[in-house]
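# Tertiary structure, described
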Amino acid sequence: MTPVEPLPTVWELGVGQAAPGEDLVGYGADLSPGTVLAAYRVGLFPMGLGEGGGPPLGWWSPDPRGVLELDALRVSRSLRRSCRTFEVRVDTAFEEVVAACGDPSREGAWITSDIRRGYAELHRLGWAHSVETWRDGELVGGLYGIAVGGLFAGESMFHRVTDASKAALVALVDLLAQDLADVRTGGGDRLVDVQWATGHLASLGVTTLSREDYLGRLPRLLATPLPEEWR
């Protein structure tokens, strides 16, 4: 569906006071659709500071920022073969993907019931999306995030069988890159924001940008048309 603009936030959001190398730049506010969307538009995202991602609510702008350039994704021959064993679907099981990503038995789980409700509402409004991998009719992996223009802000991913989350990432990049040549010719830009660059993500081609460079690039990303799948 074409995204529907939510009511504007009542909070002032920004990263102007953040010190270099400081990831956490504020706390408080709320998870209303207008607040969360405004946060992504200025380079922030929410994550709770308490146990299991509970309150207080923190607002983060990592420095450096983990990013995946669409033409930098590394897909080994074995992963490409594995991808062919999955059925890929988009936005057919959003809440199930978020629930799986937030399974409290997972190490480092931070997705609370408030996060789940907030992002479900953003999905209903057309801003939050899931890319899912299925096998024999069963959801076995996936990822979810927010798409604003040419920015896909990835939030979390999960897998129940080998390579299921990697296959979802490959499918996401394929979706975003379908008209990339035309996007770039028109002065646009697309990028997957992964927040922090872990060793696992680096093996797939994730690199980093300084916060200054990320924020400098953000206006061009936001001004780029959405992929046709989500217009």
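As a starting point, this report considers the structure included with it. (Residues numbered from 1 in each chain as written. Predicted model: local features only at pLDDT ≥ 70, side-chain atom pairs only at ≥ 80, totals over all residues. Heavy atoms only, no water.)

### Details of the overall build of the protein
Basically, it comes down to this: In this description a helix means any DSSP run of H or I spanning at least four residues, a strand means any run of E spanning at least two, and both kinds are numbered starting from the N terminus. The cut-offs for exposure are 20% and 50% of the maximum accessible area for each residue type, with area from a 1.4 Å probe on protein chains only; residues under the lower value are buried, those over the upper are exposed, and the others partly exposed. Note on definitions: a residue-residue contact is assigned when non-hydrogen atoms from the two residues lie within 4.5 Å. Reported accessibility uses the Shrake-Rupley method at a 1.4 Å probe radius. Residues are deemed covered only where the shown protein chains occlude them.
Counting its regular elements, the protein contains eight helices and ten strands. Here the C-alpha coordinates of the protein stretch approximately 45 × 45 × 35 Å along the principal axes. Across the 231 residues of the protein, 51% fall into the buried class. Intrachain contacts of the protein at a sequence separation of at least 6 include 73% that bridge at least 24 residues. Put simply, the protein shows about 10900 Å² of open surface, and 51% of that area lies on carbon and sulfur atoms.

### Description of the side chain of Asp-189
For clarity, the threshold we go by: Polar contact is defined as a pair of N or O atoms within 3.5 Å, subject to the rule that within protein one atom must be able to donate a hydrogen and the other to accept it, and that residues adjacent in sequence are counted only when both atoms are side-chain atoms.
Within the element layout of this structure, Asp-189 appears in the loop between helix H6 (180-185) and strand S9 (191-195). Relative accessible area serves as the criterion here: at 4%, Asp-189 is assigned to the buried category. Looking at Asp-189, its side chain comes within polar contact range of the side chain of Arg-220, at 3.5 Å. Non-local contacts of Asp-189, meaning those with residues more than four positions away in its chain, are made with Gly-150, Val-183, Arg-217, Arg-220, Leu-221 and Thr-224.

### Let's talk about the sheet that holds strand S2 (residues 45-48)
Quick reminder of the rule: Strand pairing is assigned whenever DSSP identifies at least 2 bridges connecting the two strands. Note on geometry: axes are lines fitted to C-alpha atoms, helical ones only across the stretch in contact, with angles between N-to-C directions running from 0 to 180 degrees.
Spatial strand order, S1-S3-S2: three strands in an open sheet with antiparallel pairing. One side of each edge strand has no neighbouring strand; the edge strands of this open sheet are strand S1 (24-27) and S2. Neighbour to neighbour, the strand axes of the sheet diverge by 35 degrees on average, direction disregarded. In terms of strand pairing, S1 meets strand S3 (residues 57-60) through three bridges, oriented antiparallel.

### So, the sheet that holds strand S8 (residues 151-159)
Strand order in the open sheet formed by seven strands is S5-S6-S7-S8-S9-S4-S10, and the pairing between neighbours is mixed. Edge positions in the sheet fall to strand S5 (87-90) and strand S10 (207-209), since each has one partner strand and no second. Going from strand to strand, the sheet's axes swing by 35 degrees on average, the running direction of each strand aside. By the bridge criterion, three bridges tie strand S4 (residues 65-68) to S9 in an arrangement that is antiparallel. For Gly-66, the partnering residue across the bridge sits in S9 and is Gln-195. Packing of helix H1 (residues 33-41) onto the sheet brings it into contact with strand S7 (138-148) and S8, and relative to S7 it is tilted by some 75 degrees.

### What about the pairing of strand S6 (residues 128-135)?
The buried fraction of S6 is high, at seven of eight residues. As paired elements, S6 and S7 share eight bridges and run antiparallel to each other. From the neighbouring strand, Ser-130 faces S7, where its bridge partner is Tyr-144. Between S6 and the antiparallel strand that follows it, S7, lie two residues; Asp-136 among them carries a positive phi value of about 55 degrees.

### Concerning a positive patch on the surface
Definition in use: Residues enter a patch when their relative accessible area is above 30% and they make no salt bridge; the linking distance is 9 Å between like charges and 5 Å between nonpolar side chains (Val, Leu, Ile, Met, Phe, Trp, Tyr). We define a salt bridge as a side-chain nitrogen of Lys or Arg found within 4 Å of a carboxyl oxygen belonging to Asp or Glu. Under the convention used here, Asp and Glu are negative, Lys and Arg are positive, and both His and the chain ends fall outside the count. All charge positions are set by atom: Lys at NZ, Arg at CZ, Asp at CG, Glu at CD.
Together, Arg-77, Arg-80, Arg-81 and Arg-84 make up a positively charged patch on the protein surface. With respect to the helices and strands, Arg-80 occurs in helix H2 (residues 77-83).

### A closer look at the packing of H1 against helix H4 (residues 113-124)
To be explicit about the condition: Working definition: roughly parallel below 35 degrees, roughly antiparallel above 145 degrees, roughly perpendicular at 65 to 115 degrees, and oblique for all remaining angles. The classification used treats Ala, Val, Leu, Ile, Met, Phe, Trp, Tyr, Cys and Pro as nonpolar, Asp, Glu, Lys and Arg as charged, and all other residues, Gly among them, as polar.
Contact geometry for H1 and H4: axes closest at 9 Å, N-to-C directions at 85 degrees. The angle between H1 and H4 places the two elements in the roughly perpendicular class. Residues Pro-33, Val-36 and Tyr-40 of H1 pack against Tyr-119, Glu-121 and Leu-122 of H4. For the contact of H1 with H4, the class distribution of residues is five nonpolar, no polar and one charged.

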